[in-house]
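Examining the three-dimensional arrangement
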Protein chains: 2
Amino acid sequence: MVAAAEVVHRQGVERTTIADIARAADVPVGNVYYYFKSKDELVVAALSEHTRQLDLLTDRLNQLADPRERLKGLVEAWVSQRDVAARYGCPTGTLAMELDKRDDGGLDAEAGKVMRLLLDWVEQQFRELGLPEPDGLALTLVGAYQGMSLLANALREPRVMDREGARLLAWLDSLEVA
Amino acid sequence: MVAAAEVVHRQGVERTTIADIARAADVPVGNVYYYFKSKDELVVAALSEHTRQLDLLTDRLNQLADPRERLKGLVEAWVSQRDVAARYGCPTGTLAMELDKRDDGGLDAEAGKVMRLLLDWVEQQFRELGLPEPDGLALTLVGAYQGMSLLANALREPRVMDREGARLLAWLDSLEVA
DNA sequence: GTCTATAAAAAGATAGAC
DNA sequence: GTCTATCTTTTTATAGAC
């Protein structure tokens, strides 16, 4: 399953065939359909895998006492993934974009939920810092991450992540608590 | 051709069949292959269409005397497209993401070039304003646009574009010239 | 140049042996 | 539960009449 999520991230949903998944998991094609009734079910599973990864990260960051340090830890986690982001984009962002193009019944909304999960966690940190409009700040921070990932990917330039990451860290430090 | 680019934007490259294009242009399928040797050629043409649209916009903005006003005009143009952005994402950004997933010979690099075109124009405006690190500022502005488009799309929430657009306008106003 | 019909390939899905 | 073989559908692409 972890392997499947990685292949989907690399190749995209539409270009990933069941045969690709089978090869990655080192099982025959027919076997895949024993675990997943359809390709759509497999995509849902890949999405769950991203949710799980996000939960692991936020659980780890929640150990930190200062909300500001949690947010800075988040940015550092993003930057540490600069090479994979430059090569394949943000996993959640690329998946959300692709699922949006599908006319299947509500699978696209599922991707939005993962993004919401991230936004909500970030908003909570800003709220704990006592800053005004924590939801707006969350949009700005997560939006900046999605944007820098896309640019790093389009330009094939991992350093975009370093540069924008440093700017975000400085920005977080500059915010005055109430 | 304009119709083709729109369909590709709405459905994505992979999910757009030649039949879809033919229907949009109101011609039979076989006809499409008279104008484009392959689907890849058609994608290249769609990309050129985006470049053309970008040229039209920057030409118009170049009429403005003040570089800062040009940049604000750019942001306003983005926000004015909020509904289409919330529904289908930024045309250039979504296309760049999708083409990146393909292993075709260098088609993905073409998408990067369109993004570069936009970044270069924005950087030039910051440069004319006499601001330090105009390339970094361009990354921040264009990245913010890509990010807000992706979030508006993932959340199906056009108001994200209004909110972040207003923030970007205020940011542009706040930058002190040398 | 335009259209219809059809070939060729790829991918999703299933049947059934083991 | 696992694997092979195969069916079905979809889509790209072409051949050839008009």
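Bear in mind that the values here come from a model prediction, so they are computed numbers and not experimental data. (Residues numbered from 1 in each chain as written. Chains lettered and ligands numbered in written order. Predicted model: local features only at pLDDT ≥ 70, side-chain atom pairs only at ≥ 80, totals over all residues. Heavy atoms only, no water.)

**Observations regarding the overall build of chain A**
Let me state the cut-off plainly: The way it works is that DSSP assigns letters per residue, a run of H or I at least four long becomes a helix, a run of E at least two long becomes a strand, and they are numbered from the N terminus. With C-alpha atoms as the basis for the radius of gyration, the globule rule is written as 2.2 Å multiplied by the number of residues raised to the power 0.38. Residues are treated as being in contact if the distance between any of their heavy atoms lies within 4.5 Å.
Summing up its helical and strand segments, chain A has 10 helices and 0 strands in all. For chain A, the sequential pattern of α-helices and β-strands runs α-α-α-α-α-α-α-α-α-α. Relative to the globule expectation of 16 Å for 178 residues, the C-alpha radius of gyration of chain A, 18 Å, shows essentially globular dimensions. Seen along its three principal axes, the alpha-carbon backbone of chain A occupies a region of about 60 × 30 × 30 Å. Across chain A, the fraction of contacts at a sequence separation of at least 24, relative to all contacts at a separation of at least 6, is 66%.

**Describing the relation of the copies chain A and chain B**
Think of it as a corkscrew move, a rotation about one axis and a shift along it, taking one chain copy to the other. This is how the line gets drawn: Least-squares superposition of the copies uses the C-alpha atoms of those residues scoring a pLDDT of at least 70 in each of them.
Laying chain A over chain B is done by rotating through 180° and shifting 0.0 Å along the axis; what remains is an RMSD of 0.0 Å. The two molecules are tied by a two-fold rotation axis, judged by turn and shift. Minimal C-alpha separation from the rotation axis in chain A is found for Gly147 of chain A, amounting to 2.0 Å.

**Quick look at the interface of chain A and chain B**
How big an interface is tends to be expressed through the accessible area that disappears when the partners come together. Operational definition: Once two parts are joined, some of their accessible surface, as seen by a 1.4 Å probe, is lost; buried area is that loss totalled over both. For this analysis, a salt bridge means a side-chain nitrogen from Lys or Arg found within 4 Å of a carboxyl oxygen belonging to Asp or Glu. Any pair of nitrogen or oxygen atoms within 3.5 Å is treated as a polar contact; in protein, a donor-acceptor pairing is required on top of that, and neighbouring residues in sequence qualify only through side-chain atoms on both sides.
Opposite the 40 residues of chain A that make contact, chain B presents 40 residues. Both faces considered, chain A and chain B share a buried interface measuring about 3500 Å² in area, 59% of it formed by carbon and sulfur atoms. If you look at where chain A meets chain B, you find 13 salt bridges. A salt bridge links Asp135 of chain A to Arg163 of chain B; the shortest N-O distance between them is 3.0 Å. Across the chain A-chain B interface, the total number found is 21 residue pairs in polar contact (both at pLDDT 80 or more). Secondary structure elements with two or more residues in the side of chain A that touches chain B: α1 (2–11), α6 (82–88), α7 (91–100), α8 (107–128), α9 (134–155) and α10 (159–174) of chain A. In terms of residue count, the dominant contributor to the side of chain A that touches chain B is α9 of chain A (13 residues).

**Some words on the packing of aromatic side chains**
All names here are of chain A. Where we set the bar: Two rings from Phe, Tyr or Trp (for Trp, the six-membered ring) form a pair when their centres sit within 6.5 Å of each other. Planes less than 30 degrees apart are called stacked, planes more than 60 degrees apart edge-to-face, and all others tilted. Partly exposed residues are those whose accessible area sits between 20% and 50% of the maximum for their type, while under 20% is buried and over 50% is exposed, using a 1.4 Å probe and protein chains only.
Per the counting criterion, the structure on display carries 6 aromatic pairs over all chains. Pairing Trp78 with Tyr145 gives two aromatic rings, centres 3.9 Å apart and planes at 5°, and the pair type is stacked. Taken together, the residues Trp78 in helix α5 (residues 67–80) and Tyr145 in helix α9 connect sequence positions 67 residues apart. There is no split in this pair, since Trp78 and Tyr145 are both buried.

**Describing the UniProt feature "domain: HTH tetR-type" (unreviewed entry) in chain A**
The following threshold applies: UniProt positions are given in the numbering used here, feature names are shortened, and annotations may be inferred rather than shown by experiment.
Taking the numbering used here, the UniProt-annotated feature "domain: HTH tetR-type" (unreviewed entry) corresponds to residues 1–54 of chain A. Secondary structure content for residues 1–54 of chain A is 76% helix and 0% strand, while the C-alpha to C-alpha distance between its ends is 16 Å.

**Digging into the side chain of Lys101 of chain A**
Note the cut-off: Residues counted as positive are Lys and Arg, residues counted as negative are Asp and Glu, and His and the chain ends are not counted.
With respect to the element layout, Lys101 of chain A can be found in the loop between α7 and α8. For the buried Lys101 of chain A, no salt bridge exists, and the shortest N-O distance to an oppositely charged side chain is 4.7 Å, to Asp100 of chain A. Engagement of the side chain of Lys101 of chain A in a polar contact is seen with the backbone oxygen of His9 of chain B, the distance being 2.7 Å. A distance of 2.8 Å separates a polar side-chain atom of Lys101 of chain A from the backbone oxygen of Tyr88 of chain B. Dropping the residues within four chain positions of it, Lys101 of chain A is found in contact with His9, Arg10, Gln11, Gly12, Arg15, Tyr88 and Thr94 of chain B.

**Some points on the protein's contact with DNA strand D**
Let me state the cut-off plainly: We call a residue near a given molecule or strand whenever any one of its heavy atoms falls within 4 Å of it. Charged means Asp, Glu, Lys or Arg here, nonpolar means Ala, Val, Leu, Ile, Met, Phe, Trp, Tyr, Cys or Pro, and polar covers whatever is left, Gly included.
Near DNA strand D, the surroundings consist of Pro28, Gly30, Asn31, Tyr34 and Tyr35 of chain A together with Thr16, Thr17, Ile18, Gly30, Tyr33, Ser38 and Lys39 of chain B. Among the atoms of DNA strand D lying within 4 Å of the protein, the sugar-phosphate backbone contributes 79%. The separation between a phosphate oxygen of DNA strand D and a polar side-chain atom of Tyr35 of chain A is 2.3 Å. Ile18 of chain B is positioned with one of its backbone polar atoms (N or O) 2.9 Å from a phosphate oxygen of DNA strand D. At the level of elements, α3 (29–35) of chain A together with α3 (29–35) of chain B are the ones that each hand at least two residues to the surface near DNA strand D. Sort the elements by how many residues they give to the surface near DNA strand D and α3 of chain A lands first, with 4 residues. Among the residues making up the surface near DNA strand D, the classes are represented as 5 nonpolar, 6 polar and 1 charged.

**Considering the packing of α1 of chain A against helix α4 (residues 39–61) of chain A**
All names here are of chain A. What counts is decided by this rule: To obtain an axis, a line is fitted to C-alpha atoms, over the contacting stretch when the element is a helix, and the angle between two such axes runs from 0 to 180 degrees between their N-to-C directions. Put simply, angles under 35 degrees are roughly parallel, angles over 145 are roughly antiparallel, angles from 65 to 115 are roughly perpendicular, and the rest are oblique.
Closest axis-to-axis distance for the α1/α4 pair is 9 Å, and the angle between their directions is 100°. Regarding the angle of α1 to α4, the classification is roughly perpendicular. Here α1 contributes Val2, Ala4 and Ala5 to the contact with α4, which in turn contributes Leu42, Ala46, Glu49 and Arg52. Its residues assigned to classes, the contact of α1 with α4 comprises 5 nonpolar, no polar and 2 charged.

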